[in-house]
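# Coordinates in review
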Amino acid sequence: MVSVWDATPDTAPVVLNQQVTYEFFGYPPDFLERYRREIETVTAADVARVARKYVRKDDLAVLVVGKAADFDKPLATYGPVTKIDITIPPAPGTK
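Let me begin by describing the structure that accompanies this report. Everything numeric in this text was worked out from a predicted model, so none of it was measured. (Residues numbered from 1 in each chain as written. Predicted model: local features only at pLDDT ≥ 70, side-chain atom pairs only at ≥ 80, totals over all residues. Heavy atoms only, no water.)

## Side note on the packing of aromatic side chains
Counted by the stated rule, this structure contains five aromatic pairs. Between tyrosine 22 and tyrosine 27, the ring centres sit 5.5 Å apart and the planes meet at 10°, which makes this aromatic pair stacked. Judged by its relative accessible area of 15%, tyrosine 22 falls in the buried class. For tyrosine 27, a relative accessible area of 37% puts it in the partly exposed group. An aromatic cluster is defined as three or more aromatic residues linked by ring pairs; in this entry it consists of Tyr22, Tyr27, Phe31 and Tyr35. (Phe/Tyr/Trp six-rings, centres within 6.5 Å; stacked < 30°, edge-to-face > 60°. Buried < 20%, exposed > 50% of the residue type's maximum accessible area, 1.4 Å probe, protein only.)

If you want it as structure tokens, here you go:
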């Protein structure tokens, strides 16, 4: 079976796989057209409004990997920093 992720878009097997999947899950026949049309109507203001409603800054975390000296300013400029040691230990029996 051809996966929609592994095949060239718009080939017969890919289109057939998509249509069978949509039919199986009860999507309308014009799902792709509707989806694209609806996505194109989303504005930056819509995204900002939804983000204000559902994204809580206090619940977010940012993971930064790299050498502190390589950044243009200290990360603490953006808020509290918790350093985590992610050093990979050597394999057993090696130095």
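Don't stop here, the text continues.
## Brief notes about helix 1 (residues 12-24)
Here helix 1 spans 18 Å end to end across 13 residues, near enough to the 18 Å set by a 1.5 Å rise per residue. By the burial criterion, the buried members of helix 1 are Val14, Asn17 and Tyr22. For helix 1, the arc enclosing every buried residue in end-on projection is 130°, short of the 170-degree limit, so these residues lie on one face. Of the exposed residues in helix 1, those oriented more than 90 degrees away from the buried face are Ala12, Leu16, Val20, Glu23 and Phe24. On its buried face, helix 1 sits against helix 2 (31-40). A positive backbone phi angle near 80° is found at glycine 26, which sits one or two residues after helix 1. (Helix = DSSP H or I, 4+ residues; strand = E, 2+ residues; numbered from the N terminus. Expected span 1.5 Å × (residues − 1). Arc of directions from axis to C-beta. Contact = heavy atoms within 4.5 Å.)

These values are about where atoms sit, not about what they do.
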